[in-house]
Amino acid sequence: MDNSSGVGVLDKAALVLSALEAGPATLAGLVSSTGLARPTAHRLAVALEHHRLVARDMQGRFVLGPRLSELSAAAGEDRLLAAAGPVLARLRDITGESAQLFRRQGEYRVCVAAAERPTGLRDTVPVGSQLTMRAGSAAQILLAWEDPERMNRGLQNAAFTAAALSQVRRRGWAQSVGEREPGIASVSASVRSPSGKVIAAVSVSGPVERLTRQPGRMHAPAVVAAAERLSQSLRRNGE
């Protein structure tokens, strides 16, 4: 089968990237696996390196570059948002509370999708809202599986402790009462990429009067199930 796109330089660049999918390669290895002339393979690899699509390891061998991971993450976010709407709507209907999806951006967590309770007293978090990473069950989820250094930085001046995050990791969900805002309770669980990395938090939130001071007892199973549905959606689309 002819895999040519008709754009020769792109076809050759794709050959280089496909060869590196198998692992690090020297220039000689690239020449052997792609069938390209040595000057051509070198020129393409260096050009791809300039755009961070290719990098070098400690031995100077060519490897796939960090830009590919960034593009993959962006594609994953698009898939996540596409799947989030119906999952959050179902979670809202099951719990009777507003449901949100949060992603971390630097020192904040951002609401990227939401399904609001239509009537009555509710916790409204508009899409695009930037909330603190120092309080709230979603912040706990987004911090609990970080590397130790980043976790320790995040715990400075936080409303929760390292022991609380350890409990989050053990049970797989987090709860908060009055951490972010007095009178508001919430429950959150993690959404994971196909590689297992925590990339988002699914939450429900509402007044303490309805959720009680132990909101996880009421809503943790539904929140965990919603987060797992989103994780499964990413795994299916990532295959």
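In this text the structure is predicted, and so the values were computed from the model without any measurement.

### Section: the UniProt feature "domain: HTH iclR-type" (unreviewed entry) in the protein
Next up, step 1: UniProt records the feature "domain: HTH iclR-type" (unreviewed entry) for residues 7-66 in the present numbering.
Next up, step 2: A helix fraction of 58% and a strand fraction of 10% characterise residues 7-66, whose end C-alpha atoms lie 25 Å from each other.

### Some thoughts on helix α3 (residues 38-50)
Given 3.6 residues per turn, any residue in an α-helix points the same way as the ones three and four places further on.
Next up, step 1: Between its first and last C-alpha, α3 extends 18 Å over 13 residues, near the 18 Å set by a 1.5 Å rise per residue.
Next up, step 2: Listing the buried residues of α3 in full gives T40, A41, L44, A45 and L48. An end-on view of α3 places all buried positions within 125° of arc, on one side of the element. Summarising the geometry of α3, the exposed residues directed more than 90 degrees from the buried face are P39, R43 and H50.
Next up, step 3: The secondary structure elements touched by the buried residues of α3 are α1 (8-20), α2 (27-34), β1 (54-56) and β2 (62-64).
Next up, step 4: One or two steps after α3, the chain reaches R52, where phi turns positive at roughly 65°.

### Things to note about the packing of aromatic side chains
Next up, step 1: Inspection of every chain in the model, using the stated rule, returns 0 aromatic pairs.
Next up, step 2: For the cation-ring pair, R109 lies above F102, with the distance from its terminal atom to the ring centre recorded as 4.8 Å.
Next up, step 3: Of note, R171 hangs over the ring of W173, and the distance from its end group to the ring centre comes to 3.9 Å.

### A look at the environment of S205
Next up, step 1: Inspection of the secondary structure assignment puts S205 in strand β8 (residues 198-207).
Next up, step 2: Along the chain, S205 and V125 lie 80 residues apart, while their C-alpha atoms are 9.2 Å from each other.

### Here we look at the sheet that holds strand β3 (residues 98-105)
Next up, step 1: Spatial strand order, β5-β4-β3-β8-β7-β6: 6 strands in an open sheet with antiparallel pairing. Each edge of the sheet is formed by a strand with only one pairing partner; in this case those strands are β5 (130-132) and β6 (173-177). For this sheet, the mean inter-axis angle between neighbouring strands, taken without regard to orientation, is 35°.
Next up, step 2: When strand β4 (residues 108-115) meets β5, the two strands line up antiparallel, connected through 3 bridges. Residue pairing in the sheet places R109 in a bridge with L131 of β5.
Next up, step 3: Most of the contacts of helix α5 (residues 137-144) go to β6, to which it runs at about 145°, and overall it touches β3, β4, β5, β6, β7 (184-192) and β8.

Parameters and conventions
- Each residue is numbered by its place in its chain's sequence as written, counting from 1.
- Given that this is a predicted model, residues contribute local features only at a pLDDT of at least 70 and side-chain atom pairs are listed and counted only at 80 or more, while totals for whole chains, interfaces and linings are drawn from all residues.
- As a convention, hydrogens and water are excluded, and side-chain values are obtained from all of the structure's heavy atoms.
- UniProt positions are given in the numbering used here, feature names are shortened, and annotations may be inferred rather than shown by experiment.
- Secondary structure follows DSSP: runs of H or I at least 4 residues long count as helices, runs of E at least 2 residues long count as strands, and numbering of each begins at the N terminus.
- Expected helix span is given by 1.5 Å per residue-to-residue step, counting one fewer step than there are residues.
- Three exposure classes are used, based on accessible area relative to the maximum for each residue type with a 1.4 Å probe and protein chains only: buried under 20%, partly exposed in between, and exposed over 50%.
- Arc, as used here, means the arc of the directions from the helix axis to the C-beta atoms.
- Here a residue-residue contact requires only that any non-hydrogen atoms of the pair lie within 4.5 Å.
- Pairing of aromatic side chains here covers Phe, Tyr and the six-membered ring of Trp, requires ring centres within 6.5 Å, and sorts the geometry by plane angle: under 30 degrees stacked, over 60 edge-to-face, intermediate tilted.
- Any Lys NZ or Arg CZ that is within 6 Å of a ring centre and within 35 degrees of that ring's normal is treated as a charge sitting over the ring.
- Any two strands are treated as partners once DSSP identifies two or more bridges connecting them.
- Angles here are taken between N-to-C directions and fall from 0 to 180 degrees, while the axes themselves are lines fitted to C-alpha atoms, restricted in helices to the stretch in contact.

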